[in-house]
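# Residue-level structural notes
Each chain is listed here by its residues.
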Amino acid sequence: MRNPLRIRELHLLLFPPALWLILFFGLPLLIVLFFSVSRQDVYGGIAPGFTLEHYRRIADPLYLVILWRSLVMAAVTTVITLLLAYPTAYYMAFAPPRTKLILMFLVILPFWTNFLVRMYSFMTILGADGVINTLLLKLGLIHEPLSLIHNTFAVYVGFVYGNLPYMILPIFAALDRMNTSLLEASMDLGAGPIRTFWRITLPYSLPGVAAGIVFVFIPTLGNFVVPEILGGADDVIIGNVINRQFLASRNWPFGSALSAVLVFGLMVFISVYIRRYDPMGKKQLAAV
Amino acid sequence: MLELINVTRKYGDVVAVNDVSLTVAKGEFFCLLGSSGCGKTTILRMVAGFEKRTSGQIILNGRDMGDDPPYCRDVNTVFQNYALFPHMTVFENVAYGLRIRKCNTAEIGTRVMEALGQVRLSGFEERRPDQLSGGQQQRVALARALVNRPSILLLDEPLSALDKKIAEQTRLELTELQRRVGITFIYVTHNQTEALALADRVAVMHNGVIEQCGPPGEIYEHPKTRFVADFIGSMNFLDGQVTTATDRGCRLRLAERWDVEIDKASPVAPGNRVLYCLRPEQLRLSLLPARDFENSVPGVLRRKVFEGDATLYLLELANGQMVTVSQNNYIARLARDFYELNQEYLLLWSRTSGEIIRA
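So, how was this worked out
- Every chain is numbered on its own, with residues counted from 1 as its sequence reads.
- Chain letters start at A and ligand numbers start at 1, both assigned in the order the entries are written.
- Thresholds applied to this predicted model are a pLDDT of at least 70 for local features of residues and 80 or more for the giving and counting of side-chain atom pairs; totals over whole chains, interfaces and linings are not thresholded and use all residues.
- Each side-chain value is derived from all of the structure's non-hydrogen atoms; neither hydrogens nor water enter the calculation.
- Strands here are runs of E lasting at least two residues and helices are runs of H or I lasting at least four, both read from the DSSP assignment and numbered beginning at the N terminus.
- Burial classes: relative accessible area under 20% of the type maximum marks a residue as buried, over 50% as exposed, and values in between as partly exposed (1.4 Å probe, protein chains only).
- Note on contacts: a residue pair qualifies if any of its non-hydrogen atoms lie within 4.5 Å across the two residues.
- Note on areas: these come from Shrake-Rupley sampling with a 1.4 Å probe, and a residue is covered only by the protein chains present in the view.
- A residue counts as positive if it is Lys or Arg and as negative if it is Asp or Glu; His and the chain ends are not included.
- One atom stands in for each charge, and that atom is NZ of Lys, CZ of Arg, CG of Asp or CD of Glu.
- We treat two strands as partners when DSSP finds at least two bridges between them.
- Axis definition: a line fitted to C-alpha atoms, over the contacting stretch in the case of helices. Angles run 0 to 180 degrees between N-to-C directions.
- Using a 1.4 Å probe, buried area is obtained as the accessible area two parts lose upon being combined, added over both of them.
- Salt bridges are defined by distance alone: a side-chain nitrogen of Lys or Arg within 4 Å of a carboxyl oxygen of Asp or Glu.
- Each angle is binned into one of four classes, with values under 35 degrees roughly parallel, values over 145 roughly antiparallel, values of 65 to 115 roughly perpendicular, and all other values oblique.
- The sense of a crossing depends on the near helix, which, turned anticlockwise from the far helix by less than a right angle, makes the crossing left-handed and, turned clockwise, makes it right-handed.
- Under the convention adopted here, Pro, Cys and the residues Ala, Val, Leu, Ile, Met, Phe, Trp and Tyr are nonpolar, Asp, Glu, Lys and Arg are charged, and Gly plus all remaining residues are polar.
- Start and end positions for the domains come from either an automated domain assignment or a database one.

## Digging into the overall build of chain B
Looking only at helices and strands, chain B features 9 helices and 20 strands. C-alpha extents for chain B along the principal axes are approximately 75 × 45 × 35 Å. Out of the 359 residues belonging to chain B, those deemed buried represent 51%. Within chain B, counting contacts between residues at least 6 apart in sequence, those at least 24 apart form 64% of the total. Accessible surface, chain B as shown: approximately 16600 Å² in total, 48% of it carbon and sulfur. Charge-centre separation for chain B: the mean point of 43 positive side chains lies 2 Å from the mean point of 43 negative side chains.

## A word on the sheet that holds strand E13 (residues 258-262) of chain B
All names here are of chain B. Reading across from one edge, E13-E12-E11-E14-E20 is the order of the 5 strands in this open sheet, with antiparallel pairing throughout. Taken across any chain shown, the strands that pair with only one partner, and hence form the sheet edges, are E13 and strand E20 (355-358). Ignoring which end each strand starts from, the neighbouring axes of this sheet average 40 degrees apart. Inspection of the sheet shows strand E11 (residues 236-245) paired to strand E12 (residues 250-254) by 5 bridges, in the antiparallel sense. In the sheet register, Gln-241 faces E12, and the bridge partner there is Arg-253.

## Here we look at the interface of chain B and chain A
Taken together, the 24 residues of chain B in the interface contact 21 residues of chain A. Across the chain B/chain A interface, buried area totals approximately 2000 Å², and carbon plus sulfur atoms make up 61% of it. When the buried area of chain B at its contact with chain A is split by residue, Tyr71(B), Tyr96(B) and Ile100(B) rank highest and sum to 30% of it. Along the contact surface separating chain B from chain A lie 1 salt bridge.

## Some thoughts on the sheet that holds strand E19 (residues 344-349) of chain B
Picture the strands of a sheet paired through backbone hydrogen bonds; they go either parallel or antiparallel. Residues and elements named next belong to chain B. Taken in spatial order, the 5 strands of this open sheet run E15-E19-E16-E17-E18, and their pairing is antiparallel. Each of the sheet's edge strands pairs with one partner strand only, and the pair in question is strand E15 (284-286) and strand E18 (322-328). The sheet shows a mean angle of 45 degrees between the axes of neighbouring strands, direction not considered. Where strand E17 (residues 310-317) and E18 come together, 7 bridges link them in antiparallel fashion. Paired with Leu-315 across the bridge in E18 is Val-323.

## Here we look at the packing of helix H5 (residues 115-126) of chain A against helix H7 (residues 152-176) of chain A
When two helices pack together, their arrangement is given by the angle between the helix axes and by the axis-to-axis distance. All names here are of chain A. Direction vectors running N to C along H5 and H7 enclose 135 degrees, while the axes themselves pass 11 Å from each other. In terms of their interaxial angle, H5 and H7 are classed as oblique. Here the hand of the crossing between H5 and H7 comes out right-handed. Contact with H5, carried on its side by Phe-115, Arg-118, Met-119, Phe-122 and Leu-126, involves Ala-154, Val-157, Gly-158, Tyr-161 and Gly-162 of H7 and no other residues of that element. Looking at side-chain class alone, the contact of H5 with H7 contains 7 nonpolar, 2 polar and 1 charged residues.

## Observations concerning unusual backbone geometry
Excluding glycine, residues mostly have negative phi values, and the peptide bonds linking residues are mostly trans. Located in the positive-phi region is Tyr82(B), a residue other than glycine, with phi close to 70 degrees. Residue position: Tyr82(B) is located in the loop between strand E6 (75-78) and helix H2 (90-100).

## As for the domain arrangement of chain B
Often the size quoted for an interface is simply the accessible area lost on bringing the parts together. Residue and element names in this part refer to chain B. Per the domain assignment, the segments making up chain B are domain 1 (2-230) and domain 2 (234-358). Taken over C-alpha atoms, the centre of domain 1 sits 39 Å from the centre of domain 2. Taken together, the contact between domain 1 and domain 2 spans 9 residues of the former and 8 residues of the latter. Among the residues of domain 1 in contact with domain 2, Tyr-220, Arg-226 and Ala-229 are the three that bury the most area, contributing 59% of the side total.

Shown next as structure tokens:
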């Protein structure tokens, strides 16, 4: 143990965040659980009494299809984000220190603006009289505006855009702490750049990739803002359904049941995933 | 087998390696010695292919390696920080080069086990690098390079990260290993003890050039430049002028007041200004002149530094220069030699001792 503090003292450091999590995460989760097995009263509130009818309702094909579509969308978003983020992170990690700093700044820059604002700004880019369509029309490449917004395509654009930093940063962190002498060693032992990438660089960065996947897949699955703003009538995912139950439909118990299923499903996914892929990089850290 | 001809490496205006030529014979243990920034690592990295030369030729087995990338060269490197692949077991680390070359599984198994045996790591195949001590990691790095049976093994300060004791032990093993496998070693170090102990030949580098190249004994006994004389071991430098010179030896006048005789042919002529180099262990302190030590100069003992096996005596000469004398404590005790501070002694040495370097 390198840390001179004793374990008992280290535990104290966990106290404030633990308290925070219990108050604002654990407790609300219990409330959601409680709501999800309660009856709905006529005005959309919670009525006393135990029931599992809300969970039974989730098994309705209508919701299962939406759940499945949400999973597919989150998965596709994650894959596209990964494919865009990896080369970027790779370039950043091996760039000269100054370039690295500038790129890092650019990756973080979007966080300075509200997420909603950035999503709305896509309207001015993708809309019928948006930047892209105007440009293409003026150039004479098209004669009618392309429908770039209020469809699944636009939702993917929003999702990928919004998630890129969360994928780039962990992969960058993993690649950045890689010693270049590992690459030299691989080349020295006869491997060209491509084999060096597949055998050394990629395996080494996998903890970062795994973390990035978690950071992107999970929030996307629960997101309801992007489909709402950029999607069409069909682009409803599970986050929108939950959102509607609480606001428009005023069916809190059913919304709670959906949330509970989502949260516990993700918990199972993450606990399996962490054990399998070690996204926290325990093995990597131990090797440093 | 390896030949560098007029190799130069520049980084912008900075000349890291300046017109270096050298030849390394097959099976030789060759050492590049110098302080950091002298260009020794750049030479190693140019041979490995990690650095491009600005001009000159690097010829391995009769063929100029030109700008061949590292993966096309028949050399392997042991890196200073070992550069073991953290996500692979010891076995996979050592097998890496063979797998890249698509050797068959059976051959890989035999050769990896053989290489691990050579570095005394049998039984560690399934460990990961982070489960090994520094010395063990160093030996895995060695096995990973040796298993490919390269023409030349390049070692970049391989012992510098180890504890002194382990480094000393590994040093002995390294010479034995090199004799056994018969592979040419080129070894880069800033540690002169390592270089002198390990190498068949040492090249002392300074400011991008090789100052002197030769067997360790020759480098130590007969330094050719002031830098080498100063860098290797410790050395006293006395300014002198040649008074007479014959083909058997010469007479010098030191510090314009002491005449000494030197029994060594040197390419000097009367009137030449020279540096006369004497090692501390070639000097004796005495109250009286002694027959075996023909040269003597008076001085006052100013300091004693106890070093365990020996004691250093710092003597101030009449011209103010300090001279260091090293005397073995065991022998001094047997001879009942005890010296007192601020007392005048004679500094004695044999006419066969010391080297003359043109100033």
